[in-house]
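# Reading the structure
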2 protein chains.
Amino acid sequence: MSRFRIEYLVTCLAGEEIEKKAVGIALEQSVELPLSVLNEWIKENTAGRVESIKQTSEKTYLVECSYATSLVDGDLTQFLNVLLGNISLKPGIQVINADWERIETWFPGPRFGVDGVRVNLGIQERPLSCSALKPIGFTIDQLADLCFQFAVGGIDLIKDDHGIADQGHAPFIHRTKACSEAVRNASELTGKPAWYLPNITTKPSKVLDRFRQAEDFGAQGVLLSPQLCGLETMAELAASDVNLPIMAHPAFSGTYLGATNGFSHSFLYGTLWRAFGADFVIYPNNGGRFLFTLDECIGINQAALDPLVPFARTFPTPGGGLDRNQLPEWQKKYGNDVVFLMGASLYSHPEGIKVASKEVLAILENKI
Amino acid sequence: MSRFRIEYLVTCLAGEEIEKKAVGIALEQSVELPLSVLNEWIKENTAGRVESIKQTSEKTYLVECSYATSLVDGDLTQFLNVLLGNISLKPGIQVINADWERIETWFPGPRFGVDGVRVNLGIQERPLSCSALKPIGFTIDQLADLCFQFAVGGIDLIKDDHGIADQGHAPFIHRTKACSEAVRNASELTGKPAWYLPNITTKPSKVLDRFRQAEDFGAQGVLLSPQLCGLETMAELAASDVNLPIMAHPAFSGTYLGATNGFSHSFLYGTLWRAFGADFVIYPNNGGRFLFTLDECIGINQAALDPLVPFARTFPTPGGGLDRNQLPEWQKKYGNDVVFLMGASLYSHPEGIKVASKEVLAILENKI
């Protein structure tokens, strides 16, 4: 019978024994009963199983458990349940890996990924740049004008701020049409491609409609906050007939990054969201207005680009307070397969957005 | 212009000033730009605003911020974004309240709630009992037999274990039909009503279909893990034309209960899930195999039943290791408006499930 493995970093609290805690995980995430009341068939076929335990410090252990693939049967929401359903409620259990090889066919992975995005944008080597339309409350004309300035200056990807939805100030369809057109006009002037990515995050039952409307009204990609809509909603988009890349935003996901529970940073953004179909994963860069460490950021990048994971590679997209003047340093740290997402650093340029965008392009093309 | 308030418990880290941190919350959750680059119209109309700060200990503060209702416009997924989108990624910020009165019309609230459930079940005073069908891997015949034994013994509500989905061992539709019938047969024998609640948790695009199938094939309610499907999926069910109560399961929600971030226990399970349409909220009871404190559990109960919140009251449903022999003590602590969810404690009864269920009924009817 086919099984797949999940790896945990387990921290024992005072009085806890690792063997007991490990078995507790395997049972909690499968049959939810003590071994003593299970019959032999259930023990063999549906109960989770501890495969290995390896101590890594006084109180921490790497634990591998295996689960029957029949528990999930390709239902990705049920996969999340086996991954972190009830143990999300227990301290000291963090999911850090899964053996994707065994379960690869359940997941769409990114439709485009790093290579597909580079081909479609026509940018082969350098890091990409991205900015966000802000603030919420701007009219469609104001947002379209921002789009034009960013694109004419040389920003590659222009996305909605993730709080811009379908509010009366700038309803979704009209905004998508106007902003896509502004970006196309700028591209025609400069001869350099640029994309507009409207935010399609809304109630799960409407997200696919918005995804299709984004394509119909001229956008070249979309922004989605998967933790707000349910992760499988993103997977359904990635497997749909709408041919646009998805940029995933971390809104509402931060609590999954517990110090000793939830998911590791690299697993959540680099691997899990990649499996569920994100072409880009936005995360708060080290040194910005959030508190991710440099190691956590590098870990996300490595996971998103890991060639051993059997899905197209995802573009790491650090943002959240990134300073345009520090791009060369970040490029040294992160390499070329990265998207630099900048907001306030471009809005606050004394000579305006277009000049700021030109400077960014020059830096990324090594012309400064 | 109409505004609504959100209340946070804010913990200042070393070097943080509360005034700056509070303004940071209000801006992060709305315009995502510093005040210095905002025009007057935006400041007035879409930027969040700090309304009050009150120190509660050396490092903790109650902070109230207000947001324009136009930021949300009734889009519940966008409401979650304003509630805890980006600040889920920042330490020391916990959402503890919202002024539901101002935004009541956005939310369905429970369709039945405590009063509706009591009327339909015909149980006016006492606490209700609930058990779970386990383990995953049982066939439909085995599960239906469990249903019959629980119901004929006197358990009021019989739900699927939350890991039972649509696996080959017991596919959803056939299971729903067989288990509903088993419960009806038992009720006809005893003259006492009992309900079967199948688990409808799956990809968001299919959940409404399962909800309808549950009704069509004879179930009297459903189980849903809203954090796996996206919270607004639950709200859409509660507002749909399918007339069944929803029991909400906490799978995948535990990381939102940070010590100093995410949501308070009472807000998440007692208030937020109530607003989003849960007729019952399951949570891990104090003293079981999870680690909720008694105060946290009582806080959830009080919020779920709080008459000042403008939605029907939700049945608190403590479970996760509840011992049938301790029901009288829990009843003293929690009162009558509660559902006691027991699994292993009934499965492990030496004389079997039917006898265990009879004992539970006798305890709840004060006959022991």
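The structure this text deals with has already been given above.
An account of the accompanying structure is given in this report. Just so it is clear, the structure is predicted and the values come from calculations on it, not from any experiment. (Residues numbered from 1 in each chain as written. Chains lettered and ligands numbered in written order. Predicted model: local features only at pLDDT ≥ 70, side-chain atom pairs only at ≥ 80, totals over all residues. Heavy atoms only, no water.)

## Some details on the overall build of chain A
Summing up its helical and strand segments, chain A has 15 helices and 13 strands in all. Projected onto the principal axes, the alpha-carbon positions of chain A cover approximately 70 × 40 × 35 Å. The proportion of buried residues among the 368 residues of chain A is 64%. Of the contacts formed within chain A by residues at least 6 apart in sequence, a portion of 74% connects residues at least 24 apart. Between the centroid of the 32 positive side chains of chain A and the centroid of its 42 negative side chains there is a distance of 3 Å. (Helix = DSSP H or I, 4+ residues; strand = E, 2+ residues; numbered from the N terminus. Buried < 20%, exposed > 50% of the residue type's maximum accessible area, 1.4 Å probe, protein only. Contact = heavy atoms within 4.5 Å. Lys, Arg positive; Asp, Glu negative; His and termini not counted. Charge placed at Lys NZ, Arg CZ, Asp CG, Glu CD.)

## Comments concerning the relation of the copies chain A and chain B
After a rotation of 180° and a shift along the axis of 0.0 Å, chain A superposes on chain B with an RMSD of 0.0 Å. Each copy turns onto its partner about a two-fold axis. Closest approach to the rotation axis among the C-alpha atoms of chain A is made by A:Gly230, whose C-alpha sits 2.1 Å away. In this assembly the copies share their binding face: 100% of the residues contributing to the interface of chain A also contribute to that of chain B. (Least-squares fit on C-alpha atoms with pLDDT ≥ 70 in both.)

## Side note on the interface of chain A and chain B
Where interface size is quoted, it is often the accessible area lost as the parts come together. Counting residues at the interface gives 73 residues for chain A, matched by 73 residues for chain B. Between chain A and chain B, roughly 5,800 Å² of surface is buried when both sides are summed, and carbon and sulfur atoms account for 60% of that area. Area buried by chain A at its contact with chain B is led by A:Leu89, A:Phe252 and A:Thr255, which between them contribute 13% of it. In this assembly, chain A and chain B are joined by 3 salt bridges. Close ionic contact of B:Glu232 with A:Lys203 constitutes a salt bridge, the shortest N to O distance being 3.4 Å. Across the chain A-chain B interface, the total number found is 33 residue pairs in polar contact (both at pLDDT 80 or more). (Buried area = accessible area lost by both parts, 1.4 Å probe. Salt bridge = Lys/Arg side-chain N within 4 Å of Asp/Glu carboxyl O. Polar contact = N/O pair within 3.5 Å; in protein donor to acceptor, adjacent residues only side chain to side chain.)

## Concerning the sheet that holds strand S1 (residues 3-11) of chain B
All names here are of chain B. The 5 strands lie next to each other as S2-S3-S1-S4-S10, forming an open sheet whose pairing is mixed. At either margin of the open sheet sits one strand with a lone partner, and together these are strand S2 (49-55) and strand S10 (262-263). One ladder, built from 9 bridges, connects S1 with strand S3 (residues 60-68); its direction is antiparallel. Opposite Thr-11, over in S3, you have Thr-60 as the bridge partner. Helix H3 (residues 76-84) rests against S1, S3, strand S4 (93-98) and S10 of the sheet, and its axis sits at about 40° to S1. (Pairing = 2+ DSSP bridges. Axes fitted to C-alpha atoms, helices over the stretch in contact; angles between N-to-C directions.)

## Description of empty space enclosed by the protein
Within this structure, the stated rule accounts for 6 cavities of 30 Å³ or more. Here the largest cavity defines a volume of roughly 80 Å³. Around the largest cavity, the lining comprises 14 residues; the ones closest to its centre are A:Gly163, B:Glu28, B:Gln29, B:Ser30 and B:Asn81. Tallied by class, residues from the lining of the largest cavity come to 3 nonpolar, 8 polar and 3 charged. Size it by volume and the second largest cavity reaches roughly 70 Å³. Together, 13 residues line the second largest cavity, and A:Glu28, A:Gln29, A:Ser30, A:Asn81 and B:Gly163 are the ones closest to its centre. (1 Å grid on protein atoms, 1.4 Å probe; cavity = no way out; pocket = protein on both sides within 12 Å on 5 of 7 lines; lining within 4 Å. Points joined across faces, edges and corners; volume = space filled by probe spheres on them. Nonpolar A, V, L, I, M, F, W, Y, C, P; charged D, E, K, R; others polar.)

## Details of the state of the cysteines
For the structure shown, the criterion picks out 0 disulfides over all chains. No disulfide involves A:Cys179; its nearest neighbouring cysteine sulfur is the one of A:Cys147, lying 3.8 Å away. When its relative accessible area of 0% is taken as the criterion, A:Cys179 is described as buried. The cysteine B:Cys130 is free of any disulfide, with B:Cys147 supplying the nearest cysteine sulfur at 11 Å. (Disulfide = S-S within 2.5 Å.)

## Looking at the pairing of strand S11 (residues 280-284) of chain B
All names here are of chain B. Counting buried positions along S11 yields 5 of 5 residues, so the element is predominantly enclosed. Alternating positions in S11 separate into two faces, Phe-280, Ile-282 and Pro-284 on one and Val-281 and Tyr-283 on the other, with burial throughout. Pairing of strand S9 (residues 246-248) with S11, which is carried by 2 bridges, proceeds in the parallel orientation. What sits directly across from Met-247, in S11, is Phe-280. Note: S11 against strand S12 (residues 315-319), 5 bridges, orientation parallel. Bridging across to S12, Tyr-283 finds its partner in Pro-318. A crossover connection joins S11 to the parallel S12 through helix H12 (residues 294-305); in handedness this β-α-β unit is right-handed. (Right-handed = clockwise from strand over helix to strand, strands pointing away.)

## Observations concerning the nonpolar core
A:Phe79, A:Leu272, B:Phe79 and B:Leu272 are the most contacted members of the largest nonpolar core, which has 224 residues in total. Beyond its immediate sequence surroundings of up to four residues, B:Phe79 is in contact with B:Phe4, B:Val72, B:Trp100, B:Ile103, B:Trp106, B:Phe107, B:Leu272 and B:Phe276. (Core = buried A, V, L, I, M, F, W, Y, C linked by side-chain atoms within 4.5 Å.)

## Some points on the sheet that holds strand S10 (residues 262-263) of chain A
All names here are of chain A. The 5 strands lie next to each other as S2-S3-S1-S4-S10, forming an open sheet whose pairing is mixed. One side of each edge strand has no neighbouring strand; the edge strands of this open sheet are strand S2 (49-55) and S10. Direction of pairing for strand S1 (residues 3-11) relative to strand S4 (residues 93-98): antiparallel, over a ladder of 5 bridges. Bridge pairing in S4 links Ile-6 to Ala-98. Against the sheet, helix H1 (residues 18-28) touches S1, S2, strand S3 (60-68) and S4, its axis set at about 30° to S3.

## Things to note about the pattern of salt bridges
Taken as a whole and assessed by the stated rule, the structure comprises 37 salt bridges over all chains. Here B:Arg126 ties to B:Asp156 by a salt bridge, and the two come within 2.9 Å at their closest N and O atoms. You can see B:Arg126 sitting in the loop between helix H5 (113-121) and strand S5 (128-133) and its partner B:Asp156 sitting in the loop between helix H6 (140-153) and strand S6 (157-160), a full 30 residues away along the chain. Each member of the pair B:Arg126 and B:Asp156 is classed as buried. Connected through shared salt-bridge partners, A:Arg126, A:Asp156, A:Lys192, A:Glu365 and A:Lys367 make up one network.

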